[in-house]
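# Understanding the architecture of this molecule
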Amino acid sequence: MVPCSPPVSSFSLPTEKSGIEDMRIPRFPALVVFWAFGHAMVAGGEDRIWRDVEGRETKALLKEVKGREVILLKDGREYSFPLLRLSPADREYLDEIRGRAEPGKALSPPLQGKFPILSDKELAAAPPISVELLEKAVVSLANEVRKTHKISELREMKEIAGIARAHSLDMGSRGFFSHYNPDGDDPTARARKAGFSGLVKSPDGKPRPGFSENIGRVGRYLSIRQEKRNEKVVGRTIRWQTEAMIARQVVQGFLDSPAHRENLLDPSKAYFGVGIAIVREHVYVTQNFF
């Protein structure tokens with residue numbers, strides 16, 4: 001008899017629609033912003049026009065994609081360019097090349113409309129977010145929900161929170177959104193690699209097979225007002241989220257999804273940890289239950 005793995009669940013919360021007529025942020029079942037490349041990819045071909053997220057162009061030859069960077073050749077010189085700075089169209093182009101080079105590989109899902117990508121200047125003007133405060137807020141709200149449903153509160157464990165935080169950071173830095181990292185590790189495998197003591201001996205002596213997990217990804221901003229002149233964007237006004245707003249959005253998102261809700265309200269779980277990472281315009285959240 002093969003033991004069942006603990007449940008895992010993931011979601012990408014939609015950004016609230018802006019009330020401005022000239023721009024509305026579309027709702028996606030998944031926010032397609034990051035592409036994952038786990039290894040070097042040699043491509044070659046002819047020179048093409050590459051664009052960054054701010055619309056700047058350069059004509060260059062693709063040499064390879066390595067880790068989180070694309071290597072371009074121009075005038076006999078190599079230039080390293082972060083994947084996160086490429087335009088969505090260029091990242092989609094790289095994904096198509098990867099598909100031809102590695103048939104059967106899971107590719108990034110197709111773009112579903114235009115999603116605003118913030119410039120470095122806009123991000124520099126963003127109000128700071130305290131990850132520590134945000135994690136505490138999510139922990140507090142999660143336990144408030146359990147109390148409301150007359151379920152025992154979860155005891156926060158720093159050890160579990162560290163594992164959750166590492167996964168959120170990994171998703172943001174390596175550009176994937178999944179319970180399985182590019183190395184193929186699920187939540188329990190990641191806990192085992194981290195040397196989680198509970199897998200050897202549970203603190204309360206009750207045997208538990210492994211981790212359950214919820215993951216979420218939300219935007220740092222709530223809405224964007226875009227100003228146009230002669231069909232050209234001349235300015236944007238961004239409405240930012242606070243730690244409290246993000247925490248409420250995350251926990252409500254978990255409650256609105258049956259699978260996430262089941263994990264959050266599972267009475268058999270006694271311990272958990274919340275780990276959050278902020279990567280450019282996105283907030284990655286991991287909840288691990290034990």
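Criteria and thresholds
- Residues numbered from 1 in each chain as written.
- Predicted model: local features only at pLDDT ≥ 70, side-chain atom pairs only at ≥ 80, totals over all residues.
- Heavy atoms only, no water.
- Pairing = 2+ DSSP bridges.
- Helix = DSSP H or I, 4+ residues; strand = E, 2+ residues; numbered from the N terminus.
- Axes fitted to C-alpha atoms, helices over the stretch in contact; angles between N-to-C directions.
- Parallel < 35°, antiparallel > 145°, perpendicular 65-115°, else oblique.
- Left-handed = near helix turned anticlockwise from the far one by under 90°.
- Contact = heavy atoms within 4.5 Å.
- Nonpolar A, V, L, I, M, F, W, Y, C, P; charged D, E, K, R; others polar.
- Core = buried A, V, L, I, M, F, W, Y, C linked by side-chain atoms within 4.5 Å.
- Buried < 20%, exposed > 50% of the residue type's maximum accessible area, 1.4 Å probe, protein only.
- Expected span 1.5 Å × (residues − 1).
- Arc of directions from axis to C-beta.
- Phe/Tyr/Trp six-rings, centres within 6.5 Å; stacked < 30°, edge-to-face > 60°.
- Lys NZ or Arg CZ within 6 Å of the ring centre and 35° of its normal.

### Some points on the pairing of strand S6 (residues 77–82)
Relative to S6, strand S5 (residues 69–74) runs antiparallel, the two being bridged by 6 bridges. Counterpart to leucine 73 in the pairing with S6 is glutamate 78.

### Re the packing of helix H3 (residues 131–148) against helix H6 (residues 243–256)
Between H3 and H6, the least distance of the axes is 9 Å, while the angle of their chain directions is 40°. Overall, the two elements H3 and H6 adopt an arrangement that is oblique. Relative to H6, H3 is oriented so that their crossing is right-handed. Here Leu133, Leu134, Ala137, Val138, Leu141, Ala142 and Val145 of H3 lie close against H6, whose contacting residues are Glu243, Ile246, Ala247, Arg248, Val251 and Leu255. A class-by-class count of the residues in the contact of H3 with H6 yields 11 nonpolar, no polar and 2 charged.

### What to know about the nonpolar core
One recurring pattern in soluble globular proteins is that nonpolar side chains are buried together. Leu134, Val138, Ile246, Phe272, Val274, Ile276 and Val283 are the most contacted members of the largest nonpolar core, which has 23 residues in total. Elements with a contribution of two residues or more to this core: H3, H6, strand S11 (271–279) and strand S12 (282–289). For this core, the element with the highest residue contribution is H6, accounting for 6 residues. Not counting chain neighbours up to four residues away, the residues in contact with phenylalanine 272 comprise Val139, Ala142, Asn143, Leu154, Arg155, Glu156, Met157, Ile160, Gln287, Asn288 and Phe289. Ala60, Val65, Leu72 and Leu94 belong to the second-largest nonpolar core, a separate cluster that totals 9 residues.

### Comments concerning H3
Between its first and last C-alpha atoms H3 spans 26 Å; for 18 residues at 1.5 Å apiece the expected length is 26 Å, and the two agree. Taken as a whole, H3 has its buried residues at Leu134, Glu135, Val138, Val139, Ala142, Asn143, Val145 and Arg146. Each buried residue of H3 lies within a common arc of 165° when the element is viewed along its axis, so the set occupies one face. Across from the buried face of H3, at angles greater than 90 degrees, the exposed residues are Glu132, Lys136 and Thr148. Elements that come into contact with the buried residues of H3 comprise strand S7 (155–156), helix H4 (158–174), H6, helix H7 (258–264), S11 and S12. Immediately downstream of H3, the backbone of lysine 150 shows phi near 55°, a positive value.

### Notes on the packing of aromatic side chains
Across all of its chains, the model carries 4 aromatic pairs by this definition. Look at phenylalanine 196 and phenylalanine 290: their rings are 5.0 Å apart centre to centre, the planes differ by 90°, and that puts the pair in the edge-to-face class. In this pair, phenylalanine 196 sits in the loop between helix H5 (187–193) and strand S8 (212–219) while phenylalanine 290 sits in the segment after S12, placing the two residues 94 residues apart along the sequence. This pair shows no difference in class: phenylalanine 196 is buried, exactly as phenylalanine 290 is. Feature note: the residues Phe196, Phe211 and Phe290 constitute an aromatic cluster, connected by ring pairs. Sitting above the plane of the tryptophan 50 ring, arginine 48 keeps its charged end 4.4 Å from the centroid. Above the face of the phenylalanine 177 ring, arginine 217 is positioned so that its terminal group lies 4.4 Å from the ring centre.

### Observations concerning the environment of leucine 62
Residue placement: leucine 62 occurs in strand S4 (residues 57–66). In this structure leucine 62 comes out as buried when scored by relative accessible area, which is 3%. Here the alpha-carbon distance between leucine 62 and lysine 74, two residues 12 residues apart in the chain, equals 9.1 Å.

### Quick notes on the pairing of S12
Counting buried positions along S12 gives 8 out of 8 residues, so the element sits mostly inside the fold. Neither face of S12 is left uncovered, since the one carrying His282, Tyr284, Thr286 and Asn288 and the one carrying Val283, Val285, Gln287 and Phe289 both have all their residues buried. In this structure, S8 lies alongside S12, joined through 8 bridges in antiparallel fashion. Bridge assignment links arginine 217 to a residue of S12, and that residue is tyrosine 284. Connecting S11 to the antiparallel partner S12 that follows it, the hairpin turn spans 2 residues, and arginine 280 within it adopts a positive phi of roughly 50°.

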